[in-house]
Amino acid sequence: MKKDRGDFRLRKEISQKRYVVSAIITFIVIFAAWMLLCVSGSVKELFLPSPAKVVNDIIQCAKDGSLWVNMGYSIFRITMGFIISTLIGVPLGILAGSFKRFEAVIAPICEFIRYMPVPAFVPLVMVWCGIGEGAKITIVFLGCFFQMVLMIADDARSVSDDLLSSSYTLGTTRWTTITKVLIPAMAPKMMLTLRMMIGWGWTYLTVAELVASSSGLGYSILKAQRFLHTESIFSGILIIGVLGLITDRMFAFAIRKMFPWAE
């Protein structure tokens, strides 16, 4: 049997420089393909506006202030929804992953609800919360909470039983074992879970703003669609992608700084 060689060996590490260069080249290739399609006329501008028109639209929105207003609303909504789901979901997930009695109460209902499509809750949320900020925050909360509880519970279960048994052998109490052993041991994985959840949060925020809003980036996309301003649709999507990438990089940076041994 031949051995794998070179960069394509399974899980072979590459340098940070090569990683960054590869990522940049990927974006350049996609951008070049986009430019080529527009210049060649293969696709009508109504369906695929040129990068220049999209960038110009972003600049114009920044100049008239609408970009910053919509960004502010969207960032506020996802921040509040994510914080609330984290404050409630993380403790419940730790309890479900640590005690079978809590798991029997928490896990089944979360497993059931997480398969329900969040957009289907939008009309109900509008009935309950109206069309104000509470409705958008609630939708982000629903999109993150139930998945978060189950994933945090899995993170808690991933902590070795031997580690917990060792702490009991050293005379720790149940509470001390949870706070001083279990939570620190699961913290790197828990942060990765939260990093994944913030990505989902942006998705559900956009859904909320597309359906029940008069402000925000999702609303600006819907407004552009009504008037066939395709370049504004693209610019809205790109801005959401950039904001999502920024939050992802912030989590990645925090994880590296907080848990350097987990790299």
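Residues numbered from 1 in each chain as written. Predicted model: local features only at pLDDT ≥ 70, side-chain atom pairs only at ≥ 80, totals over all residues. Heavy atoms only, no water.

A.B. asks: Describe the overall build of the chain, listing the residues and the values that go with them.
C.D. replies: Counting its regular elements, the chain contains 10 helices and 0 strands. What you see in the chain, going N to C, is helices and strands ordered as α-α-α-α-α-α-α-α-α-α. Reported as C-alpha extents along the three principal axes, the dimensions of the chain are approximately 70 × 60 × 35 Å. When burial is assessed residue by residue, the chain has 37% of its 263 residues classed as buried. (Helix = DSSP H or I, 4+ residues; strand = E, 2+ residues; numbered from the N terminus. Buried < 20%, exposed > 50% of the residue type's maximum accessible area, 1.4 Å probe, protein only.)

A.B. asks: Outline the environment of Leu 170, listing residues and values.
C.D. replies: With respect to the element layout, Leu 170 can be found in the loop between α7 (161–169) and α8 (174–211). Between the C-alpha atom of Leu 170 and that of Thr 193, which follows or precedes it by 23 residues, the distance is 30 Å.

A.B. asks: Tell me about the side chain of Ser 74, and name the residues and values.
C.D. replies: Its place among the elements puts Ser 74 in helix α3 (residues 66–98). A polar side-chain atom of Ser 74 sits 2.9 Å from a polar atom in the side chain of Glu 209. Sequence-distant contacts of Ser 74, defined by excluding residues within four places in its chain, comprise Trp 202, Leu 205, Glu 209, Gly 216 and Leu 217. (Polar contact = N/O pair within 3.5 Å; in protein donor to acceptor, adjacent residues only side chain to side chain. Contact = heavy atoms within 4.5 Å.)

A.B. asks: Tell me about the nonpolar core, and name the residues and values.
C.D. replies: Counting residues in each nonpolar core, the largest one holds 33 residues, and the members touching the most others are Met 148 and Met 186. Breaking this core down by element, the ones donating at least two residues are α3, α6 (133–157), α8, α9 (217–226) and α10 (230–258). Looking at this core element by element, the count peaks at 12 residues for α8. The contact partners of Met 148, leaving out residues within four places of it in the chain, are Phe 82, Ser 85, Thr 86, Gly 89, Val 90, Leu 194 and Met 197. Judged by nonpolar contacts, the second largest core, of 19 residues, contains Ala 96, Cys 110, Phe 141 and Leu 150. (Core = buried A, V, L, I, M, F, W, Y, C linked by side-chain atoms within 4.5 Å.)

A.B. asks: Which residues make up helix α1 (residues 16–40), and what values do they have?
C.D. replies: Over its 25 residues, α1 runs 36 Å from end to end, which matches the ideal 36 Å to within 8%, given 1.5 Å per residue. One or two residues past the end of α1 sits Gly 41, with phi positive at roughly 75°. (Expected span 1.5 Å × (residues − 1).)

A.B. asks: Provide a residue-level description of the packing of aromatic side chains, including the pertinent values.
C.D. replies: Summed over the entire model, instances satisfying the criterion amount to 6 aromatic pairs. Centre to centre, the rings of Phe 31 and Trp 34 are 6.3 Å apart; their planes meet at 75°, and the pair counts as edge-to-face. Residue Phe 31 and its partner Trp 34 are located together in helix α1, separated by 3 residues, close to a single helical turn. Overall, the relative accessible area of 43% leaves Phe 31 in the partly exposed class. Look at Trp 34 and you get buried, because its relative accessible area is 16%. Residues Phe 82 and Phe 251 carry aromatic rings whose centres are separated by 6.0 Å and whose planes lie at 85° to one another, so their mutual orientation is edge-to-face. (Phe/Tyr/Trp six-rings, centres within 6.5 Å; stacked < 30°, edge-to-face > 60°.)

Nothing here speaks to function; it is geometry throughout.
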